[in-house]
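Chain by chain, the residues run as shown.
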Amino acid sequence: MTIREVYDKMGADYEAVLHRLPSEALIGRLLLKFPADATFRTLKDALAAQDAKTAFRAAHTLKGVCQNLGFDNLFQPVYDLTEALRGGSLEGSDELMPLVEKQYDITMQAIRDYEASQQ
């Protein structure tokens, strides 16, 4: 599986990220680091604890990571959640978080498939 195929599988624009990051090798290294990032878990935990401030910080961080890595499929729902949390309220997060989770799962599966293909 190629890195381009990973981006296609997750519904993201590989060409856009290739213009932003200098090499396919760097994209591949960053792609493989994403599963170890704890931001998504922090977001879920903060929402479960009704901690809007921590949830906002985690969503904002995840949004930036998605934007940098070109995970367009995950970026948009995380962006929407970030904006909903921006005012310090959890209102709307119950509707938005399932969309984030769905795209996160799609992204993680594509990365896992890529990892498996590299072994």
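Since we're looking at a predicted model, the values are computed, not measured.

**Focus: the overall build of the protein chain**
Turning to step 1, where the next piece is worked out: The helix and strand inventory of the protein chain stands at 7 helices and 0 strands.
Turning to step 2, where the next piece is worked out: Shown N-terminal to C-terminal, the secondary structure of the protein chain runs as helices and strands in the order α-α-α-α-α-α-α.
Turning to step 3, where the next piece is worked out: Relative to its length of 119 residues, the protein chain is compact, with a C-alpha radius of gyration of 14 Å against a globular reference of 14 Å.
Turning to step 4, where the next piece is worked out: Overall, the protein chain is about 40 × 25 × 20 Å in size when its C-alpha atoms are taken along their principal axes.
Turning to step 5, where the next piece is worked out: Here the protein chain holds 119 residues, and the buried ones make up 40% of them.
Turning to step 6, where the next piece is worked out: Sequence separation of 24 or more characterises 64% of the internal contacts of the protein chain that already satisfy a separation of 6 or more.
Turning to step 7, where the next piece is worked out: Total accessible area on the protein chain is roughly 6400 Å²; 51% of this is exposed by carbon and sulfur atoms.

**Topic: the packing of aromatic side chains**
Turning to step 1, where the next piece is worked out: For the structure shown, the criterion picks out 6 aromatic pairs.
Turning to step 2, where the next piece is worked out: On the basis of an interplanar angle of 50° and a centroid distance of 5.8 Å, the ring pair of Tyr7 and Phe71 is categorised as tilted. Of this pair, Tyr7 sits in helix α1 (residues 3-10) while Phe71 is found in the loop between α5 (52-69) and α6 (72-85), placing the two residues 64 residues apart along the sequence.
Turning to step 3, where the next piece is worked out: Here a set of aromatic residues connected by ring pairs shows up, and it is made of Tyr7, Tyr14, Phe34, Phe40, Phe71 and Tyr104.

**Some words on the nonpolar core**
Turning to step 1, where the next piece is worked out: One finds Tyr7, Phe34, Leu43, Phe71 and Leu85 to be the most contacted residues of the largest nonpolar core, which totals 38 residues.
Turning to step 2, where the next piece is worked out: Taken together, the elements giving at least two residues each to this core come down to α1, α2 (14-20), α3 (24-33), α4 (39-48), α5, α6 and α7 (93-117).

**A few points about the environment of Met1**
Turning to step 1, where the next piece is worked out: In this structure, Met1 sits in the segment before α1.
Turning to step 2, where the next piece is worked out: Put simply, Met1 and Ile111 are 110 residues apart on the chain and 10 Å apart in space, counted from C-alpha to C-alpha.
Turning to step 3, where the next piece is worked out: Setting aside residues no more than four positions away along its own chain, Met1 makes contact with Val6, Lys9, Ala110, Asp113, Tyr114, Ser117 and Gln118.

**Some words on the packing of α5 against α6**
Helix-helix packing is described using two parameters, namely the angle between the two axes and the distance between the axes.
Turning to step 1, where the next piece is worked out: It is at 9 Å that the axes of α5 and α6 come closest, and there the two elements cross at 150°. When the interaxial angle is binned, α5 and α6 end up roughly antiparallel. In this structure, the crossing between α5 and α6 has a hand that is left-handed. Residues Ala55, Phe56, Ala59, His60, Leu62, Lys63, Cys66 and Gln67 of α5 form the contact with α6, whose participating residues are Leu74, Phe75, Val78, Tyr79, Thr82 and Leu85.

Basis of the calculations
- Residues numbered from 1 in each chain as written.
- Predicted model: local features only at pLDDT ≥ 70, side-chain atom pairs only at ≥ 80, totals over all residues.
- Heavy atoms only, no water.
- Helix = DSSP H or I, 4+ residues; strand = E, 2+ residues; numbered from the N terminus.
- Rg over C-alpha atoms; globule rule 2.2 N^0.38 Å.
- Buried < 20%, exposed > 50% of the residue type's maximum accessible area, 1.4 Å probe, protein only.
- Contact = heavy atoms within 4.5 Å.
- Areas by Shrake-Rupley, 256 points an atom, 1.4 Å probe, with all protein chains shown as cover.
- Phe/Tyr/Trp six-rings, centres within 6.5 Å; stacked < 30°, edge-to-face > 60°.
- Core = buried A, V, L, I, M, F, W, Y, C linked by side-chain atoms within 4.5 Å.
- Axes fitted to C-alpha atoms, helices over the stretch in contact; angles between N-to-C directions.
- Parallel < 35°, antiparallel > 145°, perpendicular 65-115°, else oblique.
- Left-handed = near helix turned anticlockwise from the far one by under 90°.

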